[in-house]
Amino acid sequence: MNERKAGSAPDRELVRAGARALLVTAFVVYLALLAWIVLWKLQAPYLGSGALREIKIVPYLPAGGDGGSGPLEVVVNVILFIPVGAFLGLLAPSWRWWMHALVLAGASLVLESTQYVMAIGSSDITDVIDNTLGGVVGLGILALLRRGSTARAETGMRRALVIVTTIFALAVVAFLLSPLRFHDPHV
């Protein structure tokens, strides 16, 4: 009789593949929610008018009719991208940190460029800086956890990211079901 022992190599590979699939799914969900928040601020997707097509290239300071970046906006942009850096660190562990940073900066630049092209908000270099910083912080947290115990750190971080994504998705649903709405006072 050919019985496999619990914990055999094929079983471990199946568990790893399932864990990776769950992580990829959580990452895709997180990115979709993040893009919706960044681009449409949880509103129905729309195309804007030329009046909303602005580029702010002076970071953190008022420029071109736009105010300076408020502390809350900066903190939120950093926090929202921390999981993105951790996801990238887990999904592409062989990349060097600067490769992750380039992907993070590129993704943020794509979001800001999309705002410009679709005329749905001000494109701000401050956001690119803050989003990239948040992602690098996520990478740093993962690197610190890996110093202790690689297998435990990665398992814990994977679980934490799936939980964070689930909470994030539930918070979005709760927001959508609530009467609370945010709007841009300039629109």
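On a predicted model such as this, the values are computed, not experimentally measured, just so you know. Residue numbering note: each chain is counted from 1, following its sequence as written. For this predicted model, a pLDDT threshold of at least 70 governs which residues receive local features, and a threshold of 80 or more governs which side-chain atom pairs are given and counted, while totals over whole chains, interfaces and linings are taken from all residues. Hydrogens and water molecules were not included; the side-chain quantities draw on all heavy atoms of the structure.

## Describing the pattern of salt bridges
So, point 1. Just to be clear on terms, a salt bridge is a Lys or Arg side-chain nitrogen sitting within 4 Å of an Asp or Glu carboxyl oxygen. Enumeration according to the criterion identifies 4 salt bridges in this entry.
So, point 2. Close ionic contact of Glu13 with Arg16 constitutes a salt bridge, the shortest N to O distance being 2.4 Å. Taken together, the positions of Glu13 and Arg16, both in helix 1 (residues 9–40) and 3 residues apart, correspond to about one turn of that helix.
So, point 3. The shortest N-O distance in the salt bridge between Arg158 and Glu154 comes to 3.8 Å. Taken as a pair, Arg158 and Glu154 lie in helix 5 (residues 150–177) at a separation of 4 residues, close to a single helical turn.
So, point 4. Summary of the burial criterion: residues with accessible area below 20% of their type's maximum are buried, those above 50% are exposed, and those between are partly exposed, where the area comes from a 1.4 Å probe applied to protein chains only. Looking at Glu154, the relative accessible area reads 18%, which means it is buried.
So, point 5. Within this structure, Arg146, Glu154 and Arg158 form a network of salt bridges that share partners. Numbering goes from the N terminus for both helices and strands, where a helix is a DSSP run of H or I of at least four residues and a strand is a run of E of at least two.

## Side note on the side chain of Gln115
So, point 1. As for its placement among the helices and strands, Gln115 is situated in helix 3 (residues 97–117).
So, point 2. Here, residues are in contact when the closest pair of their heavy atoms is within 4.5 Å. If we ignore the near neighbours within four places in the chain, the residues touching Gln115 are Val38, Leu39, Lys41, Ile120, Gly121, Ser122 and Ser123.

## Comments concerning the layout of surface pockets
So, point 1. Only protein atoms enter the 1 Å grid, on which a cavity is a set of points fitting a 1.4 Å probe that cannot get out and a pocket is an open set with protein on both sides within 12 Å along at least 5 of 7 lines, lining residues being those with an atom within 4 Å of a point. Grid points are joined across faces, edges and corners, and a volume is the space filled by probe spheres set on the points. As a volume, the second largest pocket reaches approximately 380 Å³.
So, point 2. Along the walls of the second largest pocket sit 13 residues, with Ala19, Arg20, Glu154, Thr155 and Arg158 positioned nearest its centre.
So, point 3. Those elements that provide at least two residues to the lining of the second largest pocket are helix 1 and helix 5.
So, point 4. Take the lining of the second largest pocket: its biggest share by element is 7 residues, from helix 5.
So, point 5. A class-by-class count of the residues in the lining of the second largest pocket yields 6 nonpolar, 2 polar and 5 charged. Here the nonpolar group is Ala, Val, Leu, Ile, Met, Phe, Trp, Tyr, Cys and Pro; Asp, Glu, Lys and Arg are the charged ones; every other residue, Gly included, is treated as polar.

## Digging into the packing of aromatic side chains
So, point 1. Any two of the Phe, Tyr and Trp rings considered here, Trp counted by its six-membered ring, make a pair once their centres fall within 6.5 Å; the pair's planes then place it as stacked at under 30 degrees, edge-to-face at over 60, or tilted in between. Tallied over the entire structure, the rule returns 3 aromatic pairs.
So, point 2. On the numbers, 4.9 Å between centres and 35 degrees between planes, the contact of Phe27 with Phe87 is tilted. Of this pair, Phe27 sits in helix 1 while Phe87 sits in helix 2 (residues 71–91), and the two are 60 residues apart along the sequence.
So, point 3. Of the residues examined, Phe87 reaches a relative accessible area of 0% and is grouped as buried.
So, point 4. With 4.9 Å between their ring centres and 40 degrees between their planes, Tyr30 and Phe168 make a pair best called tilted. A residue pair is termed long-range when its members are at least 10 positions apart, and Tyr30 in helix 1 and Phe168 in helix 5 qualify at 138 residues.
So, point 5. Residue class for Tyr30 comes out buried when judged on its relative accessible area of 2%.
So, point 6. Residue Phe168 is classed as buried on the basis of its relative accessible area, which comes to 14%.
So, point 7. Among the aromatic side chains, those forming a connected cluster through ring pairs are Phe27, Tyr30, Phe87 and Phe168.
So, point 8. Of note, Arg53 hangs over the ring of Tyr116, and the distance from its end group to the ring centre comes to 5.5 Å. Counting as a charge over the ring demands two things of the Lys NZ or Arg CZ atom: a distance within 6 Å of the ring centre and an angle within 35 degrees of the ring normal.

## Section: helix 2
So, point 1. Here the expected length of a helix is defined as 1.5 Å per residue gap, with one fewer gap than residues. Its 21 residues give helix 2 an end-to-end C-alpha distance of 31 Å, which sits within 8% of 30 Å, the value for a rise of 1.5 Å per residue.
So, point 2. In this scheme, the bend at a residue equals the angle between the axes fitted to the seven residues that finish there and the seven that begin there. Of all the bends in helix 2, the greatest reaches close to 25 degrees and is centred on Phe81; the proline Pro83 follows between one and four positions later.

## Topic: the environment of Ile37
So, point 1. Along the polypeptide, Ile37 turns up in helix 1.
So, point 2. Distance in space between the C-alpha atoms of Ile37 and Leu88 is 20 Å, their sequence separation being 51 residues.
So, point 3. Here Ile37 is in contact with Leu42, Leu80, Phe168 and Val172, once residues within four sequence places are set aside.

## Considering unusual backbone geometry
So, point 1. Of note in the backbone geometry, Leu42 takes a positive phi value of approximately 65 degrees without being a glycine.
So, point 2. Given a relative accessible area of 15%, Leu42 falls into the buried group.

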